[in-house]
Structure formats: structure tokens, C-alpha cells
Amino acid sequence: MNVEDLKIPEHVAIIMDGNGRWAKKRHMPRTYGHAQGAKVLEQTLEDADSLGIKYLTVYAFSTENWARPLEEVQVIMNLFRDYLISAVEKCNRNNVRCRVIGERSKLDPDIIDAINNLEEKTKNNTGITFIVAINYGSRDEITRGVKKLAEKVKEGSLSPEEIDGELISGSLDTADFPDPDLLIRTSGEERLSNFLMWQLAYTEFYFTEVPWPDFNKNELLKAIEKYSGRDRRYGNVK
Ligand code: IPE
Ligand code: IPE
Ligand code: MG
């Protein structure tokens, strides 16, 4: 299929999985896989942008990933630190708007500062929106959203009858973005692992055996080619 014939999804979400297994296969520590995965992510953002994708959301660290050995968590947090700081200049050079979703208060204060700074300094960019999920869990996000709505009901600015799907979407971290059109999960696992459960209601899923550190533009094109052939019916008939 020619690139010109592809239907380019507006919003692609990726569960970047398989860093640890990729490294283990090379007799290297799992953390080597995370470092490689971070490089692949930078390239994927460029590739997504060049293909005309408008939103790229990536799952970088889940609310469950704190259960991993402390050393691994620290290496991942250091990768975020480095990325968040260097990204300001890179995103501005490439007109990328960067946003972070997930619960921030559990992160180190300097990481929170770096997130706020990156979001603020790139907020007027008009190219691709790059959304990174850090300490993100769909159940946590929905729980926080429900609490926000409940507070409004309690203070009298919202009545329970007014609560609808749109209002719930608007209470989530992803309030400013459209739902993903295509979800990619690498490395063979076929589950959501607590990622965007509300937002993926009508998203097309694509699973590949390729581990995240081996992902590249060709793999992205394969996923989009599959997506191009899907018939999205949204419960209707055609
Ligand atoms: C994904 O790779 C990165 C994070 C979850 C932070 P993994 O670290 O889960 O790699 P595998 O799945 O153990 O191979
Ligand atoms: C999901 O991958 C989280 C991220 C990619 C950040 P995991 O490797 O943590 O998921 P499980 O444990 O296989 O479900
Ligand atoms: Mg994994």
C-alpha cells in the first residue's frame, strides 16, 4: 500500500511494552531497554508528525509500575527528568505541544516542575500534540474525575441529572483531546493494563510481537495500514 492511500488516524495511542524482555534477550539489565525505548520514542514522535498524525499519546509509567524494584523505578524517573528538560527546546524547534497525563503529586518535585515548565513553554505550538502518561492509571483518572464532579454536586453548581458522557470525558486528564483512533501495543501482550479505558471505547486495536525498542516507522506504517482497512461502525449498520 502506498503511503498516499493510507487513512491517517488523527490520534494514535501506544502502550510501549517489552523494554525489559528486549534487554534480557541481549543479556543486558532491564534498564538498558528503557534507555533504548526512550530513544525510539523520540524517533516515533518525529515519524508520527511526518505522517500527519495530530495527537500521539504514549504510556510511559503506570500507577502499577511503582511495584517494580526501586532501582528500575529510579532509572525510569531519571529518563523522564532528562527528557522533560531537553524536550523544551526540541518541541519548540519542531512545533510540538507537549502535555502530561496522570497523577502528578506522587512524582519528585523537580519532575513536577519540569512537567509544568514543558507544558507552559510548548502550549502555543500548533503542530502535533504529544501526550505522555506518567503515573497514569485509567481507574485512578476516572476516580479523580468522579470526585471532581461529586464536589460540584456537593457545592450545588451541578445537578446529578446533568451528568452525561461528555461531562465525564471533560473531567478526565484527557479533557482537551479527542479519543484515540488507533491503539498500538508492542511486545505481544494483548491487554490494556489500565490504559485509557474510557477513551478507548471505539478505538481500533493493533497488537504486534515487536518489542518497543525495535519499533520503527515501518512498524508504525504497518499498524496504520491495518487501521486503514478497518470498518468503524460505532454500533451502526453499513
Ligand atoms: C515497558 O516495558 C516500559 C514500562 C512499563 C515502564 P517493560 O518494562 O514492561 O518491559 P517488559 O514487558 O518487562 O519486557
Ligand atoms: C503497561 O505495561 C505500562 C506501560 C507500558 C507504561 P506493563 O508491562 O506495566 O503491563 P503488564 O504488567 O504487562 O500488564
Ligand atoms: Mg511490560
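Structure first, text after, so check above.
Structural notes, computed from the coordinates. (Residues numbered from 1 in each chain as written. Chains lettered and ligands numbered in written order. Predicted model: local features only at pLDDT ≥ 70, side-chain atom pairs only at ≥ 80, totals over all residues. Heavy atoms only, no water.)

**Points about the sheet that holds strand β1 (residues 11-15)**
Thinking step 1. As summarised here, the arrangement of the six strands in space is β3-β4-β2-β1-β5-β6, forming an open sheet in which the pairing is parallel. Each edge of the open sheet carries a strand with a single partner, namely β3 (97-101) and β6 (204-207). Between one strand axis and the next, the sheet turns by 20 degrees as a mean value, whatever way the strands run.
Thinking step 2. Lying over the sheet, helix α2 (residues 30-51) contacts β1, β2 (55-62) and β4 (129-136), oriented at roughly 160 degrees with respect to β2.
Thinking step 3. Sheet strands in contact with helix α3 (residues 70-93) are β2, β3 and β4, and its direction is about 155 degrees off that of β2. (Pairing = 2+ DSSP bridges. Helix = DSSP H or I, 4+ residues; strand = E, 2+ residues; numbered from the N terminus. Axes fitted to C-alpha atoms, helices over the stretch in contact; angles between N-to-C directions. Contact = heavy atoms within 4.5 Å.)

**Focus on the site of ligand 1**
Thinking step 1. The immediate surroundings of ligand 1 are formed by 13 residues, with D17, G20, R21, R30 and R68 found nearest.
Thinking step 2. Between ligand 1 and N19 there is a distance of 3.1 Å, counted from an oxygen atom to a backbone nitrogen or oxygen.
Thinking step 3. Calculation on ligand 1 without its partners gives an accessible area of 380 Å², and the protein chains cover 88% of this total.
Thinking step 4. Every element with two or more residues in the shell around ligand 1 is listed here: α1 (19-25), α2 and α3.
Thinking step 5. In terms of residues, the shell around ligand 1 owes the most to one element, α1, which gives three residues.
Thinking step 6. Taken together, the residues of the shell around ligand 1 sort by class into three nonpolar, five polar and five charged. (Near = heavy atom within 4 Å. Polar contact = N/O pair within 3.5 Å; in protein donor to acceptor, adjacent residues only side chain to side chain. Areas by Shrake-Rupley, 256 points an atom, 1.4 Å probe, with all protein chains shown as cover. Nonpolar A, V, L, I, M, F, W, Y, C, P; charged D, E, K, R; others polar.)

**A few points about the packing of α2 against α3**
Thinking step 1. Taken N-terminus to C-terminus, the directions of α2 and α3 make an angle of 25 degrees; their axes are 10 Å apart at the nearest point. Here α2 is positioned roughly parallel relative to α3, judged by the angle of their axes. Pair α2 / α3 crosses with right-handed handedness. Here R30, T31, H34, A35, A38, E42 and L45 of α2 come into contact with α3, specifically with E71, E72, V75, I76, L79, Y83 and K90.
Thinking step 2. Residue composition of the contact of α2 with α3, by class: seven nonpolar, two polar and five charged. (Parallel < 35°, antiparallel > 145°, perpendicular 65-115°, else oblique. Left-handed = near helix turned anticlockwise from the far one by under 90°.)

**A short note on unusual backbone geometry**
Thinking step 1. Notably, N95 is not glycine yet its phi reads approximately 60 degrees, a positive angle.
Thinking step 2. By the secondary structure assignment, N95 is in the loop between α3 and β3.
Thinking step 3. Judged by relative accessible area, N95 falls into the partly exposed class, the value being 29%.
Thinking step 4. At N135, a residue that is not glycine, the phi angle is positive and equals roughly 45 degrees.
Thinking step 5. Here N135 is to be found in strand β4. (Buried < 20%, exposed > 50% of the residue type's maximum accessible area, 1.4 Å probe, protein only.)

**Considerations on α2**
Thinking step 1. Taking 1.5 Å of rise per residue, the 22 residues of α2 would be expected to cover 32 Å, and the 31 Å separating its terminal C-alpha atoms lies within 8% of that figure.
Thinking step 2. Residues of α2 that are buried include every one of T31, G33, H34, G37, V40, L41, T44, L45, D47, A48 and L51, and no others. For α2, the angular spread of buried residues about the axis comes to 165 degrees, placing them on one side. For α2, the exposed residues set more than 90 degrees away from the buried face come down to K39 and S50. (Expected span 1.5 Å × (residues − 1). Arc of directions from axis to C-beta.)

**Points about helix α4 (residues 109-122)**
Thinking step 1. In a regular helix each residue adds 1.5 Å, so 14 residues correspond to 20 Å; α4 covers 20 Å between its end C-alpha atoms and thus fits that length.
Thinking step 2. In the core, the buried residues of α4 are packed alongside α3 and β3.

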